[in-house]
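As a plain string of letters, each chain reads:
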Amino acid sequence: MSVTIKDVARRCGMSISTVSKVFNGYPDISEETRRQVMKLAREMGYQPNALARALKTNRSYNLGVLFVDENTSGLTHPFFAAMLNTFKAEAEAHGYDITFINHNIGATEMTYLEHCRYRNVDGVCLACVDFFSAEVADLVKGDIPCVTVDHAFENRPCVASDNDAGIRMLVRRAAALGHQRIAYIHGQRNSLVTETRITGFRTEMEAHGLTVPEGYVMEGRYDDVTLTRSLTQSLLEREDPPTCILLPDDASYFGALEALRDFDLRLAEDVSLAGYDGIRLTQSLHPRLTTVFQDSEAMGRQAARILIDRVEHPGIPSEERITVPVKLIEGETLARCPI
């Protein structure tokens, strides 16, 4: 025999109307009450009627996620995997399902906005996309509540890591260790993340009275080991090679490391390296990578909360900006300058 809402209310010691408000996402229910009801409902095996709830609330309880990974690592990407996992967990805790947004439904092509409408999502989270594309702009300008990750649009909420502070931490640490020739291989320039880090790098170098020679700032790609190896080789071939190279992310460390081996150079002793992200893999290696830790789990959780808040309270201002702090992880790959 199936469990009814009356059974759940009796088990919780609450009225049917209170339990119904929890299942239907009413705002006048405390977080403690909502969690208690949802916990007991799951234990009892209660399954709400999604169609009936949608008709009653005029919501689908379905959130879209637009995640387009140009480097094809997809959901195996350690940074975004952690972020999306906590986004999903937080959404599910509030009674929402997740749908990934794309261009195609079978053989039918459609825009991101059309797919969102086709799936009838209540809101959409945009992460790891080309934020400068016209198609993304159409989605953000549409009537569907949105939250973006690491990129700010006018009149839309955003959750971002403190990219300016992160890159400055690395430059500051390298300068404190006596490095003056510091190069920076950054990611592709289709996001605010990259532009913010480049500006922060140059500003912090200037603050320390350090020059940035032509060609010391090179455009690479995030999570691209092969390209990072090639660019690192180019830097090491210069007449004035850097003593420290900052990388676009932690995954790129493996490409830079191969380049040092190609030139028979010793890591940290001859050339220092530093990454960005703080993923677990590079923290378990020897030598352990010096990097900046981004709290991707907190970013995913915050993005879900903001988006659900916009869905359930459409009249409130939508320009909220959340900046998630970063921290420097001292490893063994950034050492005192040998010169």
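Check the entry above for the structure.
Let us look at the structure shown here. Since the model is a prediction, treat every value here as computed from it, not as a measurement.

So, how was this worked out
- Residues numbered from 1 in each chain as written.
- Predicted model: local features only at pLDDT ≥ 70, side-chain atom pairs only at ≥ 80, totals over all residues.
- Heavy atoms only, no water.
- Helix = DSSP H or I, 4+ residues; strand = E, 2+ residues; numbered from the N terminus.
- Buried < 20%, exposed > 50% of the residue type's maximum accessible area, 1.4 Å probe, protein only.
- Contact = heavy atoms within 4.5 Å.
- Pairing = 2+ DSSP bridges.
- Axes fitted to C-alpha atoms, helices over the stretch in contact; angles between N-to-C directions.
- Disulfide = S-S within 2.5 Å.
- Salt bridge = Lys/Arg side-chain N within 4 Å of Asp/Glu carboxyl O.

1. Some remarks on the environment of G178
- Summarising the element assignment, G178 is placed in the loop between α8 (163–176) and β8 (182–186).
- For G178, a relative accessible area of 33% puts it in the partly exposed group.
- When the C-alpha atoms of G178 and D295 are compared, they prove to be 29 Å apart, with 117 residues separating the residues in sequence.
- Those residues within four positions of G178 in sequence are excluded, and the remaining contacts are R336 and C337.

2. Comments concerning the sheet that holds strand β10 (residues 244–246)
- Here we have 4 strands laid out as an open sheet, ordered β9-β8-β10-β11, and parallel in their pairing. The open sheet has two edge strands, β9 (217–219) and β11 (272–274), and neither has a second partner. Neighbour-to-neighbour, the strand axes of the sheet open up by a mean angle of 20°, direction not taken into account.
- Where β8 and β10 come together, 3 bridges link them in parallel fashion. Paired with I182 across the strands is C244, a residue of β10.

3. Quick notes on the state of the cysteines
- Summed over the entire model, instances satisfying the criterion amount to 0 disulfides.
- No disulfide involves C146; its sulfur sits 7.1 Å from that of C116, the nearest cysteine.
- Left unpaired, C158 is separated from the closest cysteine sulfur, that of C125, by 9.9 Å.

4. A look at the pattern of salt bridges
- Scanning all chains against the criterion turns up 21 salt bridges.
- Note that E90 is salt-bridged to R305, the shortest N-O span being 3.1 Å. With E90 in helix α5 (residues 78–93) and R305 in helix α13 (residues 296–312), this pair connects stretches of sequence that are 215 residues apart.
- R305 gets classed as partly exposed once you look at its relative accessible area, which sits at 40%.
- Between R168 and D164 there is a salt bridge; the shortest N-O distance is 3.2 Å. Residue R168 and its partner D164 are located together in helix α8, separated by 4 residues, close to a single helical turn.
- Linked by salt bridges that have partners in common, D164, R168, R172 and E204 make up one network.

5. Considering the sheet that holds strand β13 (residues 321–324)
- Strand order in the open sheet made by the 6 strands is β2-β1-β5-β6-β7-β13, with parallel pairing throughout. Each having just a single partner strand, β2 (97–100) and β13 make up the two edges of the open sheet. Shown here is a sheet whose adjacent strand axes are inclined to one another by a mean of 20°, direction ignored.
- Note that strand β5 (residues 123–127) and strand β6 (residues 146–149) share 3 bridges and pair parallel.

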